[in-house]
Each structure stands twice: as C-alpha cells, then as structure tokens.
Amino acid sequence: MKILAQRGLTWSGLIRLLSANLRESGVRVTGRKIMAQLLRSEVSFDIERYTRWFERHGIDGASPAGDVFGAPAVAIIGALDIPQCKKYRVLQKVEYFSFRGIACEYCDYRDLSQAFSLMQLATVVIFYRLPQGLSSAALVDEALRLGLDTYYDIDDPIFNREVYQANRNLDSLSAAERDALLAQAPAYRQIMEQVGQVIVSTEGMRGLAEGSLALKSVLVWPNLIDGATRNIFEQLPPPAEGGETADVLLGYFSGSRAHDADFALIAELLQQLLERHHNLRLLIGGYAPLPPGLGGFGERVSQARFMSYAAYLESLRRVDVNLVPLLIDAFNDCKSGIRYLEASICGVPTVASRVGQFPEMIRQGETGFLCQEAGDWGEAIEALIGDPDMRRRMGDSARRHVLQSQVMDSA
C-alpha cells in the first residue's frame, strides 16, 4: 500500500509496530495514533526526536558517503511547487548527472524522512530554493554533520529585498501576499550565506549575489534545452494540414501570476495592431489576465490557462511570433532566456525586451528582435507581421542556434 511505502514500512514491520504500541500504550492510545497517521497528508518526521537520538549515542560526526562507497552521489532537496522551476532547476540536474553515471535523486524538502535518507548516501547536496525554517535548518545541519559538499540553488533574486520590492509586477498581488513575499527575503539571504556555495541561472544573478551576499563562491548553471523537452517536442502530433494562411498568430505566455506589469508594456500596442491588421490574432497563455483594451476582438484574441508542458509546446509551435515583454529593471536583469529557448526549439522567432539573458541569446535581426524603447516593439512586430519569409527564416535560425549552443550535453 502507498501509505506504508511512504512511511518506510512493510506489512511485517507494521504488525511489529502495532504489537509494540499495544503493549506499551494500550488499545485506546494506539487507535488514536493510527487515526492521526491515516489523516496525515504528508510523511511525519520528528526532528527533535532525531536530534535526541544522536545526542544520546554521542554521534557528532559521520564518515562521508564517498569515503565509504568510493563513488559520487548527488541529492537535490528543495521546493518543488512551481512546475517549470522543478523542470529547469531540479530535473535538468538529475538528467545531467545521471547521463554521466553519477547517482542523483531528489525530493521535496518537506518530506524530511526521504530528504535525510538521501543525504546519508550522498557526497553532494544541492538545496533548491529552500526557505528558512525549522525543517530547513535541520537539513542544513545534517549536511554539515555529514561533511557533504553543499550548495544552494536559486533562480530569482528573492534574497534581495530592495531589488524584489522594486519589481512592479508585485503590485498585481494583494498587499498581504506582497508583504509576505518581501518579508521572506532576509531569511533566504541568511540560509544562502550559511550554505556559502550558491548556484544561479544567469550572469545577472551572479553579479547580484556576489555584490549583496557574503558567500564562498557563486556558480552559474544556466537553464538549457534538455532531453525531455526534445523528446516531448518530437512526439507532438504533426501540425494540422491546410497550407499557409494569411492569418498571423502572436503568442504571449506567462508562467506565473506576477507578470501583469510586464504584459502592460505592450498591451496598448497589441490593441492598435489588432485594429490595424484584420488578419492578426493573439493567443495569451498561462497566468495572464486579459487587459481591458483587448476584450473587444472576439475570437481573434484567445486565452489558454496554465497547461501541461506538452500542451504548452504544442500551443507555442502554432504561433508565428513569440512575445516576451519584460520591464527593464534590476529584477528582470536576472531573468533567464527560457522563453526564447522554448520558442526557438519550436522554430518560432522571439521579440523580447533587452534585459536579463535575452541580449546574450538573441541575435538581433537573425533569430529575433530585442526591444529597448516603446517604439522598438511596434517596428519589430510590424516587420514580422508583414513578412512571412522573415518569420520562417528567423524561426529556422533560432532553432539551429539553440540546437547548436543551448542544449544539454545529455540531450
């Protein structure tokens, strides 16, 4: 049964546990314990009991797993709530290490039983986006006790309150939610400095981390196209037949709720373009509310709520131009170019703000367009609307560029 596996029990082990509890606690107390376990949604782990056990037996240190087994092994433990973050910051590392013959397993930081078990056999532990708290402190302490090579992985500047607070996208959240996010910044800072070795996704993040935190080292591990993405794309059904049409489909996709201010950069322009070009359509995907000015175009403006990754790639492949508007600020200067990578693997050209990793990736006029001023957006999109050969040429160039330089070695 799943409930037994989650708690590391077998049927024989369960019978022995019940017998011991009945002898020691009686039927009534044992029954209450059983009901508590059945109603519990997550695995239980008593940190204080674990600590007392080590104190009682006088175990202050441990031999690293590498000394015992003579082979490297990686444990990745972190916050796995956001699917795209889990994919790029956790599963890509699992694929990378596994391809090289290095054992690598991962789990959610709240599953303390599994997390502690993984660390016993690891030589390296990577904590991804681990929030400060009793559970996190216990995990870090255990990694230090075991003498593991320990890293902290982060892909947003949530550790810097000033940069985080200046992000205008937070204005779309409730005051309570915004204050709660900002209040967490010092805690992220504290745990990152405690670990000391940090992994980030972009050069912008590296500069911010090195300039505002007391760290031993900062390593850039970029987001790339992995084997899973290529496999999903290759297994998608072929595009529907019907030949080329005069319609042009623009696509805007948002992976989180806090991008309203980014989208507002081009909302008025999109309204003007839809009024001017009757063959133009717009697809808005993910967590993006429809701006008021775009509500009067009927079926020419469609919305697709957050979807599976395969469905997202299938939708992305249907668009003619991928739009990535971002406010040019310190927060977005840390952004990776994921949306360029994903559009490019689909053969779709991207128009993006000149911020974050996008200037490093997009070759201006060859694989897409970079926009600095408001007028840049109109010029770039107008050019692509009116020239299907340019769209096709740019899309093909972007796909070649990504396949040649932005794909994991394991892919």
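Residues numbered from 1 in each chain as written. Predicted model: local features only at pLDDT ≥ 70, side-chain atom pairs only at ≥ 80, totals over all residues. Heavy atoms only, no water.

1. Some points on the packing of aromatic side chains
Defined as follows: Within 6.5 Å between ring centres, the rings of Phe, Tyr and Trp (the latter by its six-membered ring) count as paired, and their orientation is classed by plane angle as stacked under 30 degrees, edge-to-face over 60, tilted in between. We count a stretch as a helix when DSSP gives it H or I for four or more residues in a row; a strand needs E for two or more, and each element gets its number in order from the N terminus. Each residue gets one of three labels from its accessible area relative to the maximum for its type: buried under 20%, exposed over 50%, partly exposed in between, using a 1.4 Å probe on protein chains only. A positively charged side chain is recorded as over a ring if its NZ (Lys) or CZ (Arg) lies within 6 Å of the ring centre. The angle to the ring normal must also be within 35 degrees.
A full pass over the atoms with the stated rule returns seven aromatic pairs. Between Tyr-252 and Phe-263, the aromatic rings sit 4.1 Å apart at their centres with planes inclined by 5°, giving stacked as the arrangement. Of the two residues, Tyr-252 is situated in strand E7 (residues 248-254) and Phe-263 in helix H13 (residues 260-276); the sequence distance between them amounts to eleven residues. Judged by relative accessible area, which is 4%, Phe-263 ranks as buried. An aromatic cluster is built from Tyr-96, Phe-97 and Trp-221, whose rings are joined through pairwise contacts. A cation over a ring is seen here: Lys-87 above Tyr-309, with NZ or CZ 4.6 Å from the ring centre. Cation over ring: Arg-100 sits above Tyr-96, and NZ or CZ is 3.8 Å from the ring centre.

2. Some points on the sheet that holds strand E6 (residues 217-220)
Selection criterion: Note on pairing: two strands pair once DSSP finds at least 2 bridges between them. Every axis corresponds to a line fitted to the C-alpha atoms, with the helix fit spanning only the stretch in contact, and the corresponding angles, defined between N-to-C directions, vary from 0 to 180 degrees. Pairs of residues are marked as contacts when any of their non-hydrogen atoms sit within 4.5 Å.
If you walk across this open sheet you meet the six strands as E2-E1-E3-E4-E5-E6, and the pairing is parallel. The outermost strands of the open sheet, each flanked by one partner alone, are strand E2 (103-108) and E6. On average, each strand axis in the sheet is inclined to that of its neighbour by 25°, with strand direction left out of account. Bridging between strand E3 (residues 124-128) and strand E4 (residues 149-153) involves five bridges; their strand directions are parallel. Across the sheet, the residue bridging to Val-124 is Asp-149, located in E4. Relative to the sheet, helix H11 (residues 203-212) contacts strand E5 (197-200) and E6, its axis offset from that of E6 by approximately 170°.

3. Re the confidence of the model for the protein chain
Convention followed: Every residue carries a pLDDT, the predictor's confidence in it, which falls somewhere between 0 and 100.
Looking at the protein chain as a whole, the pLDDT averages 85, with 80% of positions reaching at least 70. Predicted confidence is poor over residues 40-44, with pLDDT under 50, and the contacts of this stretch with residues over four places away or in other chains come to seven contacts.

4. Some words on H11
The test is simple: What the arc describes is the spread of directions from the helix axis to the C-beta atoms.
Buried within H11 are the following residues: Met-205, Leu-208, Ala-209 and Ser-212. Take H11 and look down its axis: the buried residues cluster within an arc of 95°, on one side only.

5. Let's talk about unusual backbone geometry
Its identity as a non-glycine residue notwithstanding, Arg-129 has a phi of 50°, on the positive side. Inspection of the secondary structure puts Arg-129 in the loop between E3 and helix H7 (134-146). Its relative accessible area of 14% is what places Arg-129 among the buried residues.

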